[in-house]
Amino acid sequence: MFAIEEINKDPDLLPNITLGFHIYNTYPSDVSTLESSLMCLSGQRLPVPNYHCQKQDKFVAVIGGATSELSVQMSTLFELYKYPQISYGPYDPILSDKARFPSIYQLAPKESTLTLGMVQLMVYFNWTWVGLVISDDNKGETFLWNIREEMTRKGVCVTFIEKIPTSEKYTINSHTDIMSRIDRSSANVIVVYGDANSLRTLQYASMPYLILTKVWITTSHWDFTIRPHDSTYNSFNSVLIFSDQTKEIPNFKTFLRTVKPAKYPENILFKRFWNSAFGCPHKYEENNQEDCSQNASLEMLPLQYFDMSMSSQSYNIYNAVHAVARVLHKLLLIKSEFRVEDNLVIYPWKLNSPLRDIQFNNSAGEQIFINDKKLSEAKYDINNFVDFLNGTQRMVKVGEFIPQAPFGEDFSIHENVIMWDEYYKKTPHSVCSESCGPGYQKSAREGEPICCFDCILCPEGQISNQTDMDQCIMCPEDEYPNKERNFCLQKMVTFLAYEDPMGMTLACTALIFCILTFLILGLFVKHQDTPIVKANNRTLSYILLLSLSQCFLSSLLFIGKPTSATCLLQQTIFGISFTMAVSSILAKTVTVVLAFKATRPGSRSRKWVGSRAPISLILVCSLIQGILCGIWLLVSPPFPDIDPHSESGHMILKCNEGSLIAFYSVLGYMGFLALASFIVAFLARNLPDTFNETKFITFSMLVFCSVWVSFLPTYQSTKGKSMVAVEVFSILSSSASLLGCIFIPKCYVILLRPQWNTQNWINHKSYARRRNDSKAFSHAS
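1. Observations regarding helix α5 (residues 138–154)
Argument step 1. In this model, α5 (17 residues) spans 25 Å end to end at C-alpha, consistent with the 24 Å of a helix rising 1.5 Å per residue.
Argument step 2. Buried within α5 we find K139, G140, F143, L144, I147, E150 and M151. When α5 is viewed along its axis, its buried side chains cluster within an angular range of 145 degrees and face the same direction. Seen from the buried face of α5, the exposed residues on the opposite side, beyond 90 degrees, are N138, W145, E149, T152 and R153.
Argument step 3. On its buried face, α5 sits against α4 (114–124), β4 (129–135), β5 (157–164) and β6 (189–193).
Argument step 4. G155 sits one or two residues past α5 and shows a positive phi near 80 degrees.

Given below as C-alpha cells:
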C-alpha cells in the first residue's frame, strides 16, 4: 500500500498512470496455493483456466511468495504465461537456476554466512551445548550441514536435532512432541531455522508447554512476535534474531501512524485486521460501518500485533514494487517514443528482460539489484526480543554481524543492552560441563561429545592460566608452578653455600679435621726419633698426613657458588689428593712386607727396602691419576651448570662433571688402589712386629671402601644440594677413617703411653715373643 501510494504520487514515475494491486492469500499447501494462483490468472473468485474474465485490472507481474517452496508452487502456473515473479522471501540458490525458473527473480541478499554469525554468537557467550530445530526440507538440510560444520570447528556441540515437518507432512501431534522434547533438553540455547509457516505451527503447538528457561536464536524470517490470541504467555520469550540490515524508508512510519480503514475502504483485509487488533465489536465487520477506535493508531498496538519497523520481507516487497514500476515506466517510454498503438498495453513477458538488468537507488539511497550475480552477502542486525510475564514486550538492536568487514571487526555485541527474561539474573549458561578454571585441564569423557569433560588438576610442573584449556603448559625452566597451578613463580637460585647450616657444618668439620691432621703431623715431627714414628717409614707417614690434609681441604671446593675455576679444581684436586693418600697407604703396606722378607738370609728384597722405592710407588700411582685427570680436563672438563628440576621452586647451581666416564674412571682407579691396599694389608696383618700397623690399615681400608661403595648408589639417587653434600660427606668420612684408624693409636702411645715408645720396651717385647715361639716349637716336638 505504501509503495503503490508513493509511486502514484511521484510525477516522474508512470505519469498519468495509476498503479494498482491485488492481494491473494497463499496457503501452506500445494492445493491452496494452486487455487489462489488460478484465481489470480482468471481475475475472479471462481477460477477458469486459460481465461481472464476481466478486461481491465490485468496484472503484469507477481510479487511472491514468502518462501522458496511457495515460489516454486506458484511458478508452475505463472511460468506457463511468462509472468515475471519476484520472490520477497529469503534467498534460495535453487531459484537461481534459470533453466528451471527463468521468470523468478530474487531481491533478498545471500545468506551463506548466516551460520558463521550464529556460531560466533555462541562462542561469544560460551554457549557450547546447543539444540537445533530446523524445517524438514532442502533449505533446512543445507543450513544444518553448514552450522554443524562451523560448530564443530569452533568447539560447540549439538545437543539434539529436531526437524519440523513441512506443512504437507504435518500431523496433529508432531509439533507437540517436538516441544515436549525441547522442554526436557538440558540445552538452554536453541537455534531455530526454517519455513515460516512450519515455525508458526510450532509456535501454536507450544501452548501446552510454557518453556520459559530457553534462549532462542533465529532469523527475521520467522515472525515469532505473533502468538495465539488465547495465549497469555509465549514460550519464545527470550530471542536473539539475525535480521537483514535495511535502511529506513522515509515517511514510512508517518504513513503507518495515519493509515486507517476509512482511507482504504476497498481493502477488506486491512479492515478486518484493524477490528481484530483493536478488539472492535462484531458489528464493525460490516463494510458500511464506521471505523471503531477512530482516534487509534497502529503505533498504539503492542508488538505481538504490529511492528512499526519495516521488516526485511516488507523491505523486499517495497523494492519489488518499485522495480516493477520502473520497468513499466521504461517500457512505456519506449512505446511512446516509437508511437506504438495501444501504448498502454504491456504484455507481462516483456518485463522479463528489463527486470534482469534493472538497477536503481531506492528512496533510502540503497542500490537495488535483481540479478542473482550482483546480489551481495547479507549484513545482519542482531536484535533482542523479550516477552515479559507482565505482558510487555521489547525489541532492540544489540549487535551486528557484517561478513564483509575485516576479521575481528565483523562481529559486535553490546551485552549490557541485552535484557533476558525474569528467570535469568545474568547471562544464561548452556554447557554440558562447567568450565575448567585456571589450574585445571579438560579430560574428555569417553563416548561423549567434546563439550562434555571432567576437570583435572594440572600435572606437576605445569600450569593453566586460562579457562577450558585442553592441555596444561610447562613452566619455563627458571620458573615453577604456584600451589594453585595457575601461574609460574620465579625459582630461587641456590647452591650449597657456607651460610647454609649443612654447608657450614661440613666446612667446619673439614677445617677441624684439617687442623687435627696438622697437629698430628706436628706431634710426629716432634717425636720423629721415637721408635713408633720411625717404624713403617716416617717419610711415608708425613706424606700420608699431608695428603689427608689436602683431602680435607679439597672438600671446601665443593661448598660455595660454583665457578669455572672451582669446577675444574674440585675433582682434580680431590682425585690426586686421595690417590696420594691411598698410594701412601699401599706403600706403607708394601714396606712392611718387604721389611719382613728382607730379614731372611739371602733375600733379594733388601735392595727394595728404603725410602726410594715407596716414594717411587706413590709418584707412579699419582702420575697415572694425574694423566687421567688431564685427559678429563682436555676432552670434557667440568663446568658450572644449573639444575632446574631437582628441587621444586629452586634452581640448583652445581658443577657438571662433563664426562661421567672420566668421573667414574677417577673413582674406579682410586677404588682399585684402595682394594689393593686392603688385600696386601689383610695378608700382612699377622707379621711379627712390635709396631706392625697393617691391622690398622686393614680396618681403615675396610671403612674407606665401605664409604665409597655406599657413595655410588646414594650419589645417583640424590639431587640438588644433597648430591654435593653426599660427596663432601664421603670425602670427609673416608679421610677421617684413614686418619683415625692409622694415626690415633700411635698418638695414644705417644701421648698416653710414652713408656711403650722406648727401645728397651721394644727389646723386651721382642725377647718375650721369641721365648713364646721357642716354647711353642718344643711343645710341638
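That was the structure; now back to the text.
2. Some words on the sheet that holds strand β22 (residues 650–656)
Argument step 1. In spatial order, the strands read β20-β22-β21; together these 3 strands make up an open sheet with mixed pairing. At either end of the open sheet lies a strand with only one pairing partner, and these are β20 (492–494) and β21 (639–643). Along the sheet, successive strands turn relative to each other by an average axial angle of 30 degrees, direction set aside.
Argument step 2. As judged from the 5 bridges shared by β21 and β22, these two strands associate in the antiparallel manner. Among the inter-strand pairings, F639 is bridged to a residue of β22, identified as N656.

3. Some thoughts on the packing of helix α12 (residues 501–526) against helix α19 (residues 721–752)
Between two packed helices, what matters for the description is the angle formed by their axes and the separation of those axes.
Argument step 1. In the contact formed by α12 and α19, the axes pass within 10 Å of each other and the chain directions differ by 30 degrees. One finds that α12 runs roughly parallel with respect to α19. Of the two elements, α12 crosses α19, and the hand of that crossing is left-handed. For the pair α12 and α19, contact is made by M502, L506, T509, A510, F513, L516, T517, I520, L523 and F524 and by A725, V728, L732, A736, L739, F743, I744, K746, C747, I750 and L751, respectively.
Argument step 2. Per-class residue counts for the contact of α12 with α19 are 18 nonpolar, 2 polar and 1 charged.

4. Things to note about the packing of aromatic side chains
Argument step 1. Scanning the model with the defined rule gives 24 aromatic pairs in all.
Argument step 2. Seen from their ring centres, F125 and W127 are 4.7 Å apart, and the 20 degrees between their planes marks the pair as stacked. This pair shows no difference in class: F125 is buried, exactly as W127 is.
Argument step 3. Taken together through their ring pairs, the aromatic side chains of Y124, F125, W127, F411 and W420 make up a single cluster.
Argument step 4. Over the face of the ring belonging to F453 we find K442, whose NZ or CZ atom lies 4.9 Å from the ring centre.

5. A closer look at the pattern of salt bridges
Argument step 1. Taken as a whole and assessed by the stated rule, the structure comprises 14 salt bridges.
Argument step 2. When the shortest N-O distance is used, the salt bridge between K263 and E5 registers 3.9 Å. Residue K263 is located in the loop between α8 (252–258) and α9 (268–277), and its partner E5 is located in helix α1 (residues 2–9); the two are separated by 258 residues in the primary sequence.
Argument step 3. Here E448 and R445 are joined by a salt bridge, their closest N and O atoms 3.7 Å apart.
Argument step 4. Shared partners join several salt bridges into a network, and the residues in it are E5, K9 and K263.

6. What to know about the pairing of β6
Argument step 1. With respect to burial, β6 is a largely interior element, 5 of its 5 residues being buried.
Argument step 2. Neither face of β6 is exposed, since V189, V191 and Y193 on one face and I190 and V192 on the opposite face are all buried.
Argument step 3. Pairing analysis gives 5 bridges linking β4 to β6, with the strands arranged parallel. By the bridge assignment for β6, V130 is matched with V189.
Argument step 4. Looking at chain direction, β6 and strand β7 (residues 215–219) are connected through 3 bridges and run parallel. Looking across to β7, one finds that I190 is bridged to W216.

7. Some words on the state of the cysteines
Among covalent bonds in proteins, the disulfide is the one between the sulfur atoms of two cysteines.
Argument step 1. Taken as a whole and judged by the stated rule, the model has 6 disulfides.
Argument step 2. One disulfide in the model links C436 with C455; its S-S distance is 1.9 Å. Judged by the sign of its S-S torsion, about -90 degrees, the cystine formed by C436 and C455 is left-handed. With C436 in the loop between β13 (411–413) and β14 (440–444) and C455 in strand β15 (residues 453–457), the pair connects residues that are 19 residues apart, well separated along the chain.
Argument step 3. You can call C455 partly exposed: its relative accessible area is 34%.

8. Some details on the sheet that holds strand β1 (residues 62–63)
Argument step 1. What the 3 strands build is an open sheet, ordered β1-β2-β3; its pairing is parallel. Edge positions in the sheet fall to β1 and β3 (104–106), since each of these pairs with one other strand and no more.
Argument step 2. Pairing of strand β2 (residues 85–87) with β3, which is carried by 3 bridges, proceeds in the parallel orientation. Looking across to β3, one finds that I86 is bridged to Y105.

9. What about the side chain of Q441?
Argument step 1. Assignment of secondary structure puts Q441 in strand β14.
Argument step 2. At a separation of 2.9 Å, a polar atom in the side chain of Q441 contacts the main-chain amide nitrogen of C472.
Argument step 3. The contacts of Q441, once residues within four sequence positions are left out, are C436, D454, C455, I456, P459, M469, D470, Q471 and C472.

10. Concerning unusual backbone geometry
Argument step 1. Residue G64 is joined to G65 through a cis peptide bond whose omega torsion reads 0 degrees.
Argument step 2. One can find G65 in the loop between β1 and α3 (68–78).
Argument step 3. Even without glycine at this site, N126 takes up a positive phi of about 60 degrees.
Argument step 4. Residue placement: N126 occurs in the loop between α4 and β4.
Argument step 5. Although it is not a glycine, N251 adopts a positive phi angle of roughly 70 degrees.
Argument step 6. Turning to its location among the elements, N251 is positioned in the loop between β8 (238–244) and α8.
Argument step 7. N251 gets classed as exposed once you look at its relative accessible area, which sits at 55%.

11. Examining the packing of helix α14 (residues 538–554) against helix α16 (residues 612–635)
Argument step 1. Where α14 contacts α16, the two axes come as close as 9 Å, and the packing angle between them is 25 degrees. On the basis of their axis angle, the class for α14 and α16 is roughly parallel. As for the relative orientation of α14 and α16, their crossing is right-handed in sense. Residue-level contacts link T539, L540 and I543 of α14 to P614, I615 and I618 of α16.
Argument step 2. In terms of residue class, the contact of α14 with α16 is built from 5 nonpolar, 1 polar and no charged.

Rules used throughout
Residues numbered from 1 in each chain as written. Predicted model: local features only at pLDDT ≥ 70, side-chain atom pairs only at ≥ 80, totals over all residues. Heavy atoms only, no water. Helix = DSSP H or I, 4+ residues; strand = E, 2+ residues; numbered from the N terminus. Expected span 1.5 Å × (residues − 1). Buried < 20%, exposed > 50% of the residue type's maximum accessible area, 1.4 Å probe, protein only. Arc of directions from axis to C-beta. Contact = heavy atoms within 4.5 Å. Pairing = 2+ DSSP bridges. Axes fitted to C-alpha atoms, helices over the stretch in contact; angles between N-to-C directions. Parallel < 35°, antiparallel > 145°, perpendicular 65-115°, else oblique. Left-handed = near helix turned anticlockwise from the far one by under 90°. Nonpolar A, V, L, I, M, F, W, Y, C, P; charged D, E, K, R; others polar. Phe/Tyr/Trp six-rings, centres within 6.5 Å; stacked < 30°, edge-to-face > 60°. Lys NZ or Arg CZ within 6 Å of the ring centre and 35° of its normal. Salt bridge = Lys/Arg side-chain N within 4 Å of Asp/Glu carboxyl O. Disulfide = S-S within 2.5 Å. Polar contact = N/O pair within 3.5 Å; in protein donor to acceptor, adjacent residues only side chain to side chain.

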